Amino acid sequence: MAAVRTAQRGHLTVAEVCAELGVARSTFYDWRAAKKAPPCFRLPNGDLGIRRAEFDRWLESLQESA
């Protein structure tokens, strides 16, 4: 059901990204500080969002670099 909601919104939360990647939230914020995280934007409630398309592009770029 969460996947359906994500598809309808077109963006992921930090928690959803962390769950999909199997990393801790602190790891995501470490990557963000090091400019190695996917591009984020600020939601009206102050939380971070990650556009699904940007997240997918970011994952693909990691595969190309490996």
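Cut-offs applied
- Residues numbered from 1 in each chain as written.
- Predicted model: local features only at pLDDT ≥ 70, side-chain atom pairs only at ≥ 80, totals over all residues.
- Heavy atoms only, no water.
- Salt bridge = Lys/Arg side-chain N within 4 Å of Asp/Glu carboxyl O.
- Helix = DSSP H or I, 4+ residues; strand = E, 2+ residues; numbered from the N terminus.
- Buried < 20%, exposed > 50% of the residue type's maximum accessible area, 1.4 Å probe, protein only.
- Phe/Tyr/Trp six-rings, centres within 6.5 Å; stacked < 30°, edge-to-face > 60°.
- Lys NZ or Arg CZ within 6 Å of the ring centre and 35° of its normal.

Asker: What am I meant to see in the pattern of salt bridges here?
Answerer: Close approach of charged atoms allows side chains with opposite charge to pair. One pass over the structure, following the stated rule, counts three salt bridges. The closest approach of N and O atoms between aspartate 56 and arginine 52, which form a salt bridge, is 3.3 Å. In this pair, aspartate 56 and arginine 52 are both assigned in helix 4 (residues 52-65), four residues apart and thus about one turn of the helix distant. Classification of aspartate 56 as partly exposed rests on a relative accessible area of 29%. One salt-bridge network, held together by shared partners, links Glu20, Arg52 and Asp56.

Asker: How should the packing of aromatic side chains be read in this particular structure?
Answerer: In total, this model carries three aromatic pairs according to the counting rule given. An angle of 85 degrees between the planes, with centres 5.6 Å apart, marks the rings of phenylalanine 28 and tyrosine 29 as edge-to-face. The class of phenylalanine 28 is buried, set by a relative accessible area of 1%. For tyrosine 29, a relative accessible area of 33% puts it in the partly exposed group. What links up through ring pairs into an aromatic cluster is the set Trp31, Phe55 and Trp58. Its end group placed over the ring of phenylalanine 41, arginine 51 keeps NZ or CZ at 4.3 Å from the ring centre.

Asker: Looking at this model, I keep getting lost on the environment of glutamate 16. Mind explaining?
Answerer: Checked against the element boundaries, glutamate 16 lands in helix 2 (residues 14-21). We classify glutamate 16 as partly exposed; its relative accessible area is 23%.

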